[in-house]
Amino acid sequence: MARQYKYLLPEDQVPTRWYNIAADLKNPPAPALHPGTGQPLGPADLAPLFPMAVIEQEVSTERWIDIPEPVLDVYRTYRPAPLFRAHRLEEALGTPAHIYYKYEGVSPAGSHKVNTAVAQAYYNHLEGVRRITTETGAGQWGTALAYACQMFGIELKIYMVRVSFEQKPYRKAMMNVYGASVVPSPSQDTNAGRTILERDPNSSGSLGIAISEAVEDAATHEDTKYSLGSVLNHVMLHQTVIGQEAIAQMQLAGEYPDVVIGCVGGGSNYAGLAFPFMQERLNGGRNTRFVAAEPASCPTLTKGVYTYDFGDTAELTPLVKMSTLGHSFMPPSIHAGGLRYHGMSPLISQLHEEGYIDAVAHPQLGVFAAAVQFARAEGIVPAPESAHAIRSAIDEALEAKEAGEERVILFNLSGHGFLDLGAYEQYFNGELEDYEYPAELVQQALAGVPQLA
Ligand SMILES: *Cc1c(COP(=O)(O)O)cnc(C)c1O
């Protein structure tokens, strides 16, 4: 019998509801706090930044939330996304493990980020918002939101971390194709940007700085709101279409994962795949393992502290309880991939803290080696972010080989790497180095953060 590679669902099986894990957590999530007063945030505090529908989702404890038809209509242009069995990678590794991956690189922007971008653009459109601001690091989020804003006729301004802006001209071009305007951050367009530039005219920027700029821009323009591509609860919610599809596709394959793996930057692609499976562990008695893979250069879960911290550098955002390296974290610029945010989704952080999610940190040379091994077996060139998940999946498959076990491994391939080929070139040229973020810096970076309950 011919072996099967792809598990596909028909278009009418795009999930019609998002899954909200807040309904199933053993402990209630810690509330976000006002940066000035330290008191729990009310909806009115967030209203200058987000549309009301999004604010409601941020704090909702409803288990299922219906996906509006106009959002489904865009989802159907690229979803359901395929699930693959990695037969050729298994052979290359000589492992008895069965490796499956869910592939989100089929979206127009090339990553999972479109899943939340479309939802957020739609809710802004519904409330009559004319303009949105956001930040982007590697450029995937900016691209996804540019596409989504185009779907709903909204103007978009993107603050792009300067080092990426300079290293990735094609990313900027792609955002321009979708109609967005892009400036390098720190920029002269905001107080936050000007303050940083006065201190350091050559600042290469960071996600924390770019967020400060985008938030300030939205807060000071009446017709403008802000959109974030990861970390927040509503973003995790929107991504759960990934895991719901994967559950149905694993059924088609007649298997259930022993371990569910994903890379984590702010946590959204991993939450998207993992949370529907986590529900089956929390309520259904499954004992699935969950592994979050992060870079050794930004080890938020493995070396960070679970505490209240700001989401941005300029301390404009609310304080959220999460794993954090400190909001003044400056990522080393020798690192090629994304995943360089100081914080982490509060939901992922809590599940990690409570022992439901294990975390591993990978140095980048091993990550690129895994990416190349994967591409040579499976054909798809992965995004460097996604390659952290591949590293973990390969390690898991090699462990299964050692133990002689037929383990079922599922990981999320969050995006393709066609616009990251410069990083592959650096890797082949021997220009990338391993770097481990020193734990001592974490306490320093957290000094001065108000320590609340
Ligand atoms: C942005 C991005 C990530 C990291 O963000 P998460 O919110 O952790 O998912 C991972 N993979 C790809 C392809 C991305 O674009």
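Being a predicted model, the structure only gives us computed values, none of them experimental.

1. Here we look at the site of the ligand
Around the ligand, 18 residues are found, and the nearest of them are Lys 113, Ser 230, Gly 265, Ser 268 and Ser 414. At 2.7 Å from an oxygen atom of the ligand is found a main-chain nitrogen or oxygen belonging to Gly 265. Out of a free accessible area of 380 Å², the ligand has 94% covered by protein chains. Looking at the shell around the ligand, the elements that each hand over two or more residues are helix 13 (268–284) and helix 17 (384–403). When grouped by side-chain class, the residues that make up the shell around the ligand number four nonpolar, 12 polar and two charged.

2. Section: the pairing of strand 7 (residues 155–161)
Along strand 7, six of the seven residues are buried, which leaves the element largely enclosed by surrounding structure. Bridge count for strand 6 (residues 131–136) against strand 7 is six bridges, and the pairing is parallel. The residue of strand 7 that forms the bridge with Ile 132 is Leu 156. In terms of handedness, the path from strand 6 via helix 6 (residues 140–152) over to strand 7 forms a crossover that is right-handed. The pairing of strand 7 with strand 8 (residues 181–185) spans five bridges and is parallel. Within strand 8, the position partnered with Met 160 by the bridge is Pro 184.

3. Quick look at the layout of surface pockets
The computed volume of the largest pocket comes to approximately 710 Å³. Lining the largest pocket are 38 residues, and of these Ala 32, Glu 58, Leu 232, Asn 233 and Val 320 sit closest to its centre. When contributions to the lining of the largest pocket are tallied by element, the ones reaching two or more residues are helix 1 (43–46), helix 2 (52–59), helix 10 (207–219), helix 11 (233–239), strand 13 (319–324) and helix 15 (346–353). At five residues, the largest contribution of residues to the lining of the largest pocket is made by helix 2. Of the residues in the lining of the largest pocket, the class split is 26 nonpolar, 10 polar and two charged.

4. Concerning the sheet that holds strand 6
Read across the open sheet, the four strands follow the order 8-7-6-9; overall the sheet is parallel. What marks the edges here is a single partner per strand, and that holds for strand 8 and strand 9 (224–226). Shown here is a sheet whose adjacent strand axes are inclined to one another by a mean of 25 degrees, direction ignored. Against the sheet, helix 6 makes contact with strand 6 and strand 7, and its axis sits at roughly 160 degrees relative to strand 6, the strand it touches most.

5. Some details on helix 6
Taking 1.5 Å of rise per residue, the 13 residues of helix 6 would be expected to cover 18 Å, and the 19 Å separating its terminal C-alpha atoms lies within 8% of that figure. Burial of helix 6 is extensive: 11 of the 13 residues sit out of reach of the surface. In this structure, the buried residues of helix 6 make contact with helix 3 (69–78), helix 5 (114–126), strand 6, strand 7 and helix 8 (169–177). Phi for Gly 153, located one or two positions after helix 6, is positive at around 65 degrees.

6. Looking at the pattern of salt bridges
Counting across every chain of the model gives 21 salt bridges. Its salt-bridge partner being Lys 303, residue Glu 436 comes within 3.7 Å of it at the nearest N-O pair. Placement of the pair is Glu 436 in the loop between helix 18 (421–428) and helix 19 (440–446) and Lys 303 in helix 14 (residues 300–303), with a sequence separation of 133 residues. Residue class for Lys 303 comes out partly exposed when judged on its relative accessible area of 30%. Residues participating in the shared-partner salt-bridge network are Arg 130, Arg 131, Glu 155, Asp 217 and Asp 223.

Reading the values: the criteria
Residues numbered from 1 in each chain as written. Predicted model: local features only at pLDDT ≥ 70, side-chain atom pairs only at ≥ 80, totals over all residues. Heavy atoms only, no water. Near = heavy atom within 4 Å. Polar contact = N/O pair within 3.5 Å; in protein donor to acceptor, adjacent residues only side chain to side chain. Areas by Shrake-Rupley, 256 points an atom, 1.4 Å probe, with all protein chains shown as cover. Helix = DSSP H or I, 4+ residues; strand = E, 2+ residues; numbered from the N terminus. Nonpolar A, V, L, I, M, F, W, Y, C, P; charged D, E, K, R; others polar. Buried < 20%, exposed > 50% of the residue type's maximum accessible area, 1.4 Å probe, protein only. Pairing = 2+ DSSP bridges. Right-handed = clockwise from strand over helix to strand, strands pointing away. 1 Å grid on protein atoms, 1.4 Å probe; cavity = no way out; pocket = protein on both sides within 12 Å on 5 of 7 lines; lining within 4 Å. Points joined across faces, edges and corners; volume = space filled by probe spheres on them. Axes fitted to C-alpha atoms, helices over the stretch in contact; angles between N-to-C directions. Contact = heavy atoms within 4.5 Å. Expected span 1.5 Å × (residues − 1). Salt bridge = Lys/Arg side-chain N within 4 Å of Asp/Glu carboxyl O.

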